[in-house]
Amino acid sequence: MSDHKAVILVFHSALARFVRHSEPGLFAANNALMQRLCLNRSCGYLWSRPSLSQFSQVRPFQSALRVSPKDSALPDFTYRALLVDAAGTLLIPSEPAAEVYLRYGAKYGVTLSAKEVLLRFRKSYNLPWTSTAQRYVGDGRPFWQRIVLHSTGCDSPLLFEEIYNYYAQAEAWYVAPGAQAALQRLKDSGMKLAIVSNFDNRLRPILHQLGLEQLFDSVLVSAEVGVEKPNPTIFEIACERLGVLPEETVHVGDDRRNDIFGARDAGCFAWLWGLDVLTFDEVSRKMLHEENDADPEAILSPLS
């Protein structure tokens, strides 16, 4: 391999490591450039998309950098699509899970404190799931049966059914304040909208009951698609269905690993709900590049 070709590959490797989780648009452009350079092995290098393991040393995601619009030399990105996480972002539980579990569990002899139930819930949720390839398959019952059993210590199938059916109803959830108006504004502007959620087949009826279904051009439920976040495939499928490129797309979600890392691995921009963006009105303004209307001193950069 000639010296200049070696330099190209070293540059590509270093640049990819830097931008993999911080600048998806630049990463995609760099990939496209290298793909052209390496066509027909002209660099003595067979092109393949970098794997996640190659970037295991990349620093953790940090909150988005806010820079002065006057000082910013960043290009003017045009967003064409918004992907939204469901539970915890668009849909907020009406009651804390521990209170729900205890309310239904009381008649089945559950006497744990709310703190105990919460700790047991979190521990159970974070345990490896090995029964199936993904947690949510179809109605997701096997996974949620384990959660209810471990959280309450009660193996009554009746208790499980009551809790499971409660979360299938619209009253178990409320829509994030201002979300419907902000999403409608984006839709009216020509923006494509989709939900990308790790959920079971209860999600669509919930969206319908809450009057959200018509807002979205596509709804991707992991139990239906057969792949869960943070696998970038689910984000790539979403972009394909919307007819947009990942680098033209923003994903908003509340889970750093599933939503932020997963979306950026697919080449999308990603904003962490509760940190990078606090309301759907803020999401709408940033998508439409109207940040200065509400915050004259700062804008959100895609750099992290």
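Residues numbered from 1 in each chain as written. Predicted model: local features only at pLDDT ≥ 70, side-chain atom pairs only at ≥ 80, totals over all residues. Heavy atoms only, no water.

Before going further, it helps to spend a moment on the overall build of the chain. When its secondary structure is counted, the chain shows 13 helices and nine strands. When each of the 304 residues of the chain is scored for burial, the buried share is 48%. A separation threshold of at least 6 residues defines the contact pool for the chain, and within that pool the share at least 24 residues apart is 68%. A total accessible area of about 14900 Å² is found for the chain, and carbon and sulfur atoms account for 55% of it. (Helix = DSSP H or I, 4+ residues; strand = E, 2+ residues; numbered from the N terminus. Buried < 20%, exposed > 50% of the residue type's maximum accessible area, 1.4 Å probe, protein only. Contact = heavy atoms within 4.5 Å. Areas by Shrake-Rupley, 256 points an atom, 1.4 Å probe, with all protein chains shown as cover.)

For the chain, per-residue confidence averages 80 on the pLDDT scale, and residues scoring 70 or more make up 70% of the total. Under a pLDDT of 50 for its full length, residues 5-75 has, in the predicted model, 110 contacts with residues more than four places off or in other chains. Every residue in residues 293-304 is under pLDDT 50, and counting partners more than four places away or in other chains gives 41 contacts. (pLDDT = per-residue confidence, 0-100.)

Bringing the sheet that holds strand β6 (residues 218-221) into the picture now. The strand order across the open sheet formed by five strands is β6-β5-β2-β7-β8, and the pairing between neighbours is parallel. Of all strands in the sheet, those with a lone pairing partner are β6 and β8 (269-272), marking the two edges. Averaged over all adjacent pairs, the angle separating strand axes in this sheet is 20°, with direction ignored. One ladder, built from four bridges, connects strand β2 (residues 81-84) with strand β7 (residues 249-253); its direction is parallel. (Pairing = 2+ DSSP bridges. Axes fitted to C-alpha atoms, helices over the stretch in contact; angles between N-to-C directions.)

As a rule of thumb, nonpolar side chains are buried together in soluble globular proteins. Among the nonpolar cores identified, the biggest contains 59 residues, and L82, L90, L91, Y101 and F216 are the most heavily contacted of them. Core analysis: the second largest hydrophobic core is formed by 18 residues, A81, V196, V244 and I260 among them. (Core = buried A, V, L, I, M, F, W, Y, C linked by side-chain atoms within 4.5 Å.)

With that settled, the discussion passes to the packing of helix α7 (residues 179-188) against helix α12 (residues 280-287). Where α7 contacts α12, the two axes come as close as 8 Å, and the packing angle between them is 15°. When the interaxial angle is binned, α7 and α12 end up roughly parallel. As α7 runs across α12, the sense of the crossing is left-handed. Contacts from A179, A182, L183, R185 and L186 in α7 reach F280, D281, S284, R285 and M287 in α12. Considered class by class, the residues forming the contact of α7 with α12 number six nonpolar, one polar and three charged. (Parallel < 35°, antiparallel > 145°, perpendicular 65-115°, else oblique. Left-handed = near helix turned anticlockwise from the far one by under 90°. Nonpolar A, V, L, I, M, F, W, Y, C, P; charged D, E, K, R; others polar.)

What follows concerns the pattern of salt bridges. Per the stated rule, a full pass over the model turns up 13 salt bridges. K229 serves as the salt-bridge partner of D259, at 2.7 Å between the closest nitrogen and oxygen. Taken together, the residues span a long stretch of sequence, with D259 in helix α11 (residues 256-265) and K229 in the loop between α9 (222-225) and α10 (232-242) at a distance of 30 residues. According to the relative accessible area criterion, D259 is buried, its value standing at 1%. (Salt bridge = Lys/Arg side-chain N within 4 Å of Asp/Glu carboxyl O.)

Our next topic: the packing of aromatic side chains. Following the criterion strictly, the structure yields 16 aromatic pairs and no others. Relative to Y125, the ring of F121 has its centre 6.1 Å away and its plane inclined at 15°; by these criteria the two rings are stacked. With F121 and Y125 both in helix α4 (residues 114-126), this residue pair falls four residues apart, about one helical turn. The class of F121 is buried, set by a relative accessible area of 19%. Among the residues examined, Y125 registers a relative accessible area of 28% and is labelled partly exposed. Between the aromatic rings of W173 and F199, the centroid separation amounts to 6.1 Å while the plane-to-plane angle is 55°, which identifies the pairing as tilted. Of this pair, W173 sits in strand β4 (residues 173-175) while F199 sits in the loop between β5 (192-197) and α8 (203-209), and the two are 26 residues apart along the sequence. Overall, the relative accessible area of 9% leaves W173 in the buried class. The exposure class assigned to F199 is buried, which follows from its relative accessible area of 7%. Above the ring of Y166, the side-chain terminus of R103 is found at 5.5 Å from the ring centroid. A cation over a ring is seen here: R202 above Y164, with NZ or CZ 3.9 Å from the ring centre. (Phe/Tyr/Trp six-rings, centres within 6.5 Å; stacked < 30°, edge-to-face > 60°. Lys NZ or Arg CZ within 6 Å of the ring centre and 35° of its normal.)

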